[in-house]
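# Structural overview
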Amino acid sequence: MSLVRRALPEDAAEVLRLRQVMIDSTSPVPTVGPVSPVGGPSTGWHAESLPTLRERLSEPDGDFAAFVVDHPERPGTLAALVVGTVEYRIGRAGNPRGVIGFVFSVATDPDARRRGYARAGMDALLDWFRSRGVVQVHLTASADAAPLYSSLGFKPKPDPLMELLL
């Protein structure tokens, strides 16, 4: 039996909790002085996000997939999360069908790290991408996570990403 399973709608709150773990680890809370945090992690968006996430998790044949590992010591809690989407872009050489996978959330609970859960989740997500005809996968890696992705075959690319908030 595999450690990894497809996330279900009832996992949505835990998926959001682990996504927050990832967000907090990549965007540290600003501090005042050496140790005093300003504000704290913003979780106000969770309530608004929860219904949409539950809906997306109930669509097993859609373009969105989340794979999770249950926490071995805390029943009802997730230890790890890996999430991705399949997107269409106009084809090009090397990807004439234009199908691209994008990994956008990989998180492991701090007390469950160094057990291979993120790697197992990535393996499941990459298999899911392959089953959908994806031949190209993108992700943004933190410095801490880059060795894992490199070991899976990901290569760094120049990042021309720009963003506009509407």
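Residues numbered from 1 in each chain as written. Predicted model: local features only at pLDDT ≥ 70, side-chain atom pairs only at ≥ 80, totals over all residues. Heavy atoms only, no water.

This part takes up helix α1 (residues 12–26). Its 15 residues give α1 an end-to-end C-alpha distance of 21 Å, which sits within 8% of 21 Å, the value for a rise of 1.5 Å per residue. For α1, the full list of buried residues reads A12, E14, V15, L16, L18, Q20, V21 and M22. Check the buried side of α1 and you find it contacts α2 (45–57), β4 (64–70), β5 (78–88) and β6 (99–108). (Helix = DSSP H or I, 4+ residues; strand = E, 2+ residues; numbered from the N terminus. Expected span 1.5 Å × (residues − 1). Buried < 20%, exposed > 50% of the residue type's maximum accessible area, 1.4 Å probe, protein only. Contact = heavy atoms within 4.5 Å.)

This next bit is on the confidence of the model for the chain. Residues of the chain with pLDDT of at least 70 account for 90%, and the chain-wide mean is 89. Element-level mean pLDDT values for the chain span from 44 in strand β3 (residues 36–37) up to 98 in β4. Predicted confidence for residues 31–39 stays below pLDDT 50, and this span has nine contacts to residues more than four positions away or in other chains. (pLDDT = per-residue confidence, 0-100.)

Turning next to the nonpolar core. Membership of the largest hydrophobic core comes to 26 residues, with the highest contact counts inside it found for M122, L125, F129 and Y149. Sorting the residues of this core by element identifies β4, β5, β6, α3 (117–131) and α4 (146–151) as the ones contributing at least two each. Among the elements that take part in this core, α3 stands out by supplying eight residues, more than any other. Residues contacting M122, with those up to four places away along its chain left out, are V82, V103, V106, L139, Y149, L152 and F154. With 17 residues, the next largest nonpolar core counts A7, V15, L78 and A107 among its residues. (Core = buried A, V, L, I, M, F, W, Y, C linked by side-chain atoms within 4.5 Å.)

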